[in-house]
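# Residue-level structural notes
Residues per chain, in single letters:
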Amino acid sequence: MPTTTAPRAELASTDSANSGTRRWAMLALAMGGFGIGTTEFVAMGLLPDIASGIGVSEPTAGHVISAYALGVVVGAPLLAAATARLPRKLVLIGLMVAFTIGNAATVFAPSYEWLMVSRFVAGLPHGAYFGVASLAAASLVPAGQRAKAVATVMLGLSVANVVGVPAAAALGQHFGWRSAFTIVTVIGVATVAALVRWVPDLHGVAITNPITELGALRRSQVWLTLAVGTVGFGGMFAVYTYVSTTLTDVAGLPIAWVPVVLMVYGVGMVVGNIVGGVLADRALIPSLFALLATMAVVLALFVAAAHNPYTAVVGVFAIGAAGAALVPGLQTRLMDVAADAQSLAAALNHAALNIANAAGAWLGGIVIAAGLGYTAPAAVGAMLAIAGLFVLGISVLAQRRTAD
């Protein structure tokens, strides 16, 4: 990275941005992903502290996670459509301002009810931000590097699992859970400043209107691609939701090692994110097939690998890598099939992933409650990945028939 002062955004347009400007712009976009990833996952590690801090039970406190996910699902299509007429840079800044306000409200929430509202508000910009940021990143590079640019934005989310979440969780445990969201608020403020200074005006990203964006919902290929993510990713979340107990009760790891293994999962996400972007740029559809098949195999192997502490750690890394590697390709395919409604389609990808999160956790809980043990979610996940392969196959066949 250059050691000189970052160039101002106005010195280069989107169409002719030099490499230095692109580098700083990508960093600003990834910073937003880092903040969003931190706030999304840190609450899971602070639930006991949140529960005692606001005077509710831990299961009740768990609803704040659901409130955030609901905000993502609701906000992704609504905000993408509502902001369709606005300049893309302005939209990015506005979404990050809303994100920052939502997290600041979490810091000062006086009661459980206000905390639920603040988490919902913080989740609203999540999907729309990643959608617009992905389009912005893709517009800054040559066509053959779009998936790699999308992966750069998503890298912030992956790095959050390695650095942001553990650091914020440790801070929250030592200084109170509100301090974790204070850090996220600071990240939000820093991201707003970075977007203002470093991101160019994004003339290469088309400005549409709400009707055009909502037109994405009439395209079968958009729905099929979203279904690939919803079904295929459910398995990864089915395992991740119960991974702590799997590591301690099945693999036999001491509980003190669980945070370290979760960081290994985050490292896997970083590696997978980078590899997935490269593969998608080289061969988008074949890479999606290969990565879904890889996820199915990795999850199936984890059923056995989970019984040994060493192979369990390797399995957790592989699950994180396989899941993250799919995201750039799916995001790029949505941009391809959405035609002139790319903002909404790209934002919906993250709504689909949050549905996968909820569905995976639910299915994993069902098989565990049925007495099948903590390795059963991995078996369910493998079947979901295979189902995702079938949906992708249907999507590709339908697209070919339309082309003919």
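Structure report, in brief. Quantities reported herein were computed from a predicted structural model and do not represent experimental measurements.

Reading guide: rules and limits
- Residues numbered from 1 in each chain as written.
- Predicted model: local features only at pLDDT ≥ 70, side-chain atom pairs only at ≥ 80, totals over all residues.
- Heavy atoms only, no water.
- Helix = DSSP H or I, 4+ residues; strand = E, 2+ residues; numbered from the N terminus.
- Buried < 20%, exposed > 50% of the residue type's maximum accessible area, 1.4 Å probe, protein only.
- Contact = heavy atoms within 4.5 Å.
- Lys, Arg positive; Asp, Glu negative; His and termini not counted.
- Charge placed at Lys NZ, Arg CZ, Asp CG, Glu CD.
- Phe/Tyr/Trp six-rings, centres within 6.5 Å; stacked < 30°, edge-to-face > 60°.
- Expected span 1.5 Å × (residues − 1).
- Core = buried A, V, L, I, M, F, W, Y, C linked by side-chain atoms within 4.5 Å.
- 1 Å grid on protein atoms, 1.4 Å probe; cavity = no way out; pocket = protein on both sides within 12 Å on 5 of 7 lines; lining within 4 Å.
- Points joined across faces, edges and corners; volume = space filled by probe spheres on them.
- Nonpolar A, V, L, I, M, F, W, Y, C, P; charged D, E, K, R; others polar.
- Axes fitted to C-alpha atoms, helices over the stretch in contact; angles between N-to-C directions.
- Parallel < 35°, antiparallel > 145°, perpendicular 65-115°, else oblique.
- Left-handed = near helix turned anticlockwise from the far one by under 90°.
- Patch = residues over 30% accessible without salt bridge, like charges linked within 9 Å, V, L, I, M, F, W, Y side chains within 5 Å.
- Areas by Shrake-Rupley, 256 points an atom, 1.4 Å probe, with all protein chains shown as cover.
- Salt bridge = Lys/Arg side-chain N within 4 Å of Asp/Glu carboxyl O.
- Bend = angle between axes of the 7 residues up to and from the residue.

### What about the overall build of the chain?
- Across its full length, the chain holds 16 helices and zero strands.
- Each principal axis of the C-alpha distribution contributes one length, and for the chain these read about 55 × 55 × 40 Å.
- Out of the 404 residues belonging to the chain, those deemed buried represent 54%.
- Sequence-distant contacts in the chain: of pairs separated by 6 or more residues, those separated by 24 or more amount to 84%.
- Looking at the chain, you have 17 positive and 13 negative side-chain charges, and the mean spots of the two groups are 8 Å apart.

### Brief notes about the packing of aromatic side chains
- Tallied over the entire structure, the rule returns three aromatic pairs.
- Taking 6.0 Å as the distance between ring centres and 75° as the angle between the ring planes, the aromatic pair formed by Tyr129 and Phe130 counts as edge-to-face.
- Given a relative accessible area of 1%, Tyr129 falls into the buried group.
- A residue is classified by how much of its surface remains accessible, and Phe130, at 0% relative accessible area, is buried.
- Summarising the aromatic geometry, the rings of Trp177 and Phe181 are spaced 6.1 Å apart at their centres and angled 80° between planes, so their arrangement reads as edge-to-face. Residue Trp177 and its partner Phe181 are located together in helix H8 (residues 177–198), separated by four residues, close to a single helical turn.

### Topic: helix H12 (residues 258–282)
- Here H12 contains 25 residues, and its C-alpha end-to-end distance of 36 Å stays within 8% of the 36 Å for a straight helix at 1.5 Å per residue.
- Buried residues of H12: Val258, Val261, Tyr265, Gly266, Gly268, Met269, Val270, Gly272, Asn273, Gly276, Gly277 and Ala280, and no others.
- Where H12 is buried, its residues contact helix H7 (146–175), helix H10 (220–241), helix H11 (243–250), helix H13 (284–305) and helix H14 (309–337).

### Concerning the nonpolar core
- Among the nonpolar cores identified, the biggest contains 85 residues, and Leu29, Leu92, Tyr129, Leu195, Phe233, Leu247 and Ile319 are the most heavily contacted of them.
- Beyond its immediate sequence surroundings of up to four residues, Ile319 is in contact with Met236, Val239, Tyr265, Val298, Leu299 and Phe302.
- With 18 residues, the next largest nonpolar core counts Val42, Ala51, Val107 and Trp177 among its residues.

### Considering the environment of Ala160
- Inspection of the secondary structure assignment puts Ala160 in helix H7.
- Those residues in contact with Ala160, other than ones at most four positions away along the chain, are Phe34, Gly37, Thr38, Val165 and Pro166.

### Here's the deal with empty space enclosed by the protein
- Inspection of the entire model under this criterion finds three cavities of 30 Å³ or more.
- Approximately 260 Å³ is the volume attributed to the largest cavity.
- Those elements that place two or more of their residues in the lining of the largest cavity are helix H1 (19–45), H7, H10, H12, H14 and helix H15 (342–369).
- The class makeup of the residues in the lining of the largest cavity is twelve nonpolar, seven polar and one charged.

### Comments concerning the packing of helix H6 (residues 112–139) against H7
- Contact pair H6 / H7: the axes reach a minimum separation of 8 Å and the direction vectors enclose 140°. Here H6 lies oblique to H7, going by the angle between them. For the crossing formed where H6 meets H7, the hand is right-handed. Contacts from Phe130, Ala133, Ser134, Ala137 and Ala138 of H6 reach H7 at Arg146, Ala149, Val150, Val153, Met154 and Leu157.
- Residues of the contact of H6 with H7, tallied by class, amount to nine nonpolar, one polar and one charged.

### Remarks on a nonpolar patch on the surface
- On the surface, Val267, Val271, Val275, Leu279 and Phe317 cluster together into a nonpolar patch covering about 330 Å² of accessible area.
- In this structure, Val267 sits in helix H12.

### Quick look at the packing of H11 against H12
- At a minimum axis separation of 10 Å, H11 and H12 run at an interaxial angle of 125°. If you check the angle between H11 and H12, you find them oblique. Handedness of the H11/H12 crossing: right-handed. Residues Val243, Ser244, Leu247 and Thr248 of H11 form the contact with H12, whose participating residues are Val258, Val261 and Leu262.

### Focus: the side chain of Gln331
- Turning to its location among the elements, Gln331 is positioned in helix H14.
- On the basis of relative accessible area, Gln331 is assigned to the buried category, the value being 0%.

### Some words on the side chain of Thr39
- Take Thr39: it is sitting in helix H1.
- Classification of Thr39 by relative accessible area gives buried; the value is 0%.
- Ignoring any residue separated from it by four or fewer positions in sequence, one finds Thr39 in contact with Tyr68, Phe99, Asn103, Arg119, Phe181 and Val184.

### Comments concerning H10
- For H10, which comprises 22 residues, the first-to-last C-alpha distance of 31 Å matches the rise-based estimate of 32 Å (1.5 Å per residue) to within 8%.
- Its axis deflected by about 35° at Gly234, H10 carries its strongest bend there.
- Taken across its 22 residues, H10 has 16 buried, putting it largely inside the fold.

### Some thoughts on the environment of Thr60
- Examined against the element boundaries, Thr60 turns out to sit in helix H3 (residues 58–61).
- The class of Thr60 is partly exposed, set by a relative accessible area of 23%.
- Taking the C-alpha atoms as reference, Thr60 lies 30 Å from Met269; in sequence the two are 209 residues apart.

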